[in-house]
Amino acid sequence: MEIATFVFIAISGMLGIVWGVFALAHHRDIGIWVACAAVNALVIAVFCHLQNQAWLNDAKSVDSSETSGILIPGNGETPEFRLSPIAKGKIIIPTSAVFLFLGTDVAWTSTFPHAVIRQGDEDMILVEKENSGIFISAKIFDKEGKIICQIVRNRFHLNPDNYFRIERSPNRLVVIDKEVRKTLDVEFINTRAIRFSGTFYLRGGLPITLTQEQQQIGGLMGFNVIGEHPDGASIHFPPASNTTR
C-alpha cells in the first residue's frame, strides 16, 4: 500500500503539470477534467497512506503481543472467599500476595516463579510474574501419561498435529483441543488474582478438573484450602509411577 501511495502522488503530480500546460494554452474544459483527475489521484493517495498506517499499527500490535507473549492484568474484581474457622486468626495474608483460584480452591503466593501444580519435582503448571504481567508454562498429558502439549511462557513448545490451539486476549490464555474443549483456561483477573480452570491429565493419567463449581483431582473433591505453601507449589502430588518423558 505504501507503493500505491507514491504511485498516486506521482500521478497527481503529473496531472497537475498537464493541467498547468492546458491552463496556459487556455484549454479550459480539458484543464478542468485534468484538474479533477489530479485531485482524485491525490485523494486516493491520502487514503492509501491512511490504510498503510492502519496496517502498520495492526502489525506492530501483533508483533508486540507475539514478541512479549505476556498476559496483563484485567480490571475484574477478586472473587470472594472465606477462611475456614480453623484458619481464621492463624493465617496472615500479606498485602503483596497474589491469589490463585484453582476451581473451588484458593491459594496465594508472594513469590514467583510459582508452581500452581507440581508432580514430584516437575512443575506441571508454572506462573512467572514480571512488573507488566505474567507468563504461563504448562505440560498436559493423555490418559496413558504421554505428554501431548507443552506451553513455555505462553507459547506452544510441543503441539503435535496441531491438536491444540491457543486463544488469547490481553489478560486471558485459553488452550482448546480439537474437540473444542477448554483444556486450560488462565485468566489474569487483576493484579492480585489469577484464575485457573480446565480439564486435563498429569503424568500417570491423573485426571484434573478445575471449574468455578468444583475441583476434582483423581475423582476426589477439593477442600477449599488457602495458604502459601512452603515448597513453592499450590498443589503438590507425588511423582507418577510411570514417568515416560
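Coordinates for the structure precede this section.
All figures in this text were calculated on a predicted structure; none of them were measured in a lab.

Draft legend 1. The arrangement of the pattern of salt bridges in detail. Under the defined criterion, the tally for this structure stands at 11 salt bridges. Across the salt bridge formed by Arg165 and Glu167, the nearest N and O atoms sit 2.9 Å from each other. For Arg181, the salt bridge goes to Asp177, with nearest N and O atoms at 3.0 Å. Its relative accessible area of 45% is what places Arg181 among the partly exposed residues. A relative accessible area of 5% means that Asp177 is categorised as buried.

Draft legend 2. Molecular detail of the environment of Asp231. Turning to its location among the elements, Asp231 is positioned in the loop between strand S14 (220-221) and strand S15 (233-237). Sequence spacing of Asp231 and Ala115 is 116 residues, and the spatial spacing of their C-alpha atoms is 9.1 Å. Residues within four places of Asp231 in sequence aside, it is in contact with Arg118 and His236.

Draft legend 3. Region of the structure containing unusual backbone geometry. Residues Phe112 and Pro113 are joined by a peptide bond in cis, for which omega reads 0°. Relative to the assigned elements, Pro113 resides in the loop between strand S2 (105-109) and strand S3 (114-119). A positive phi angle is found at Arg153, which is not glycine, with a value near 50°. Of note, Arg153 is situated in the loop between strand S6 (147-152) and strand S7 (155-158). Looking at Arg153, the relative accessible area reads 30%, which means it is partly exposed. We note that Asn154 has phi near 75°; this positive angle belongs to a residue other than glycine.

Draft legend 4. Summary view of the packing of aromatic side chains. Considering all chains together, one arrives at 1 aromatic pair under this definition. Taking the ring centre of Phe135 as reference, the NZ or CZ of Arg153 above it sits at 3.8 Å.

Draft legend 5. Representation of the pairing of strand S5 (residues 133-141). Counted residue by residue, S5 has 8 buried out of 9 residues, so it is predominantly covered. Bridging between strand S4 (residues 122-130) and S5 involves 6 bridges; their strand directions are antiparallel. Bridged to Lys129 within S5 is Ile134. Inspection of the sheet shows S5 paired to S6 by 4 bridges, in the antiparallel sense. By the bridge assignment for S6, Phe141 is matched with Ile147. Following S5, the chain reverses through 5 residues before pairing antiparallel with S6; Gly145 in that reversal takes a positive phi of roughly 90°.

What counts as what
- Residues numbered from 1 in each chain as written.
- Predicted model: local features only at pLDDT ≥ 70, side-chain atom pairs only at ≥ 80, totals over all residues.
- Heavy atoms only, no water.
- Salt bridge = Lys/Arg side-chain N within 4 Å of Asp/Glu carboxyl O.
- Buried < 20%, exposed > 50% of the residue type's maximum accessible area, 1.4 Å probe, protein only.
- Helix = DSSP H or I, 4+ residues; strand = E, 2+ residues; numbered from the N terminus.
- Contact = heavy atoms within 4.5 Å.
- Phe/Tyr/Trp six-rings, centres within 6.5 Å; stacked < 30°, edge-to-face > 60°.
- Lys NZ or Arg CZ within 6 Å of the ring centre and 35° of its normal.
- Pairing = 2+ DSSP bridges.

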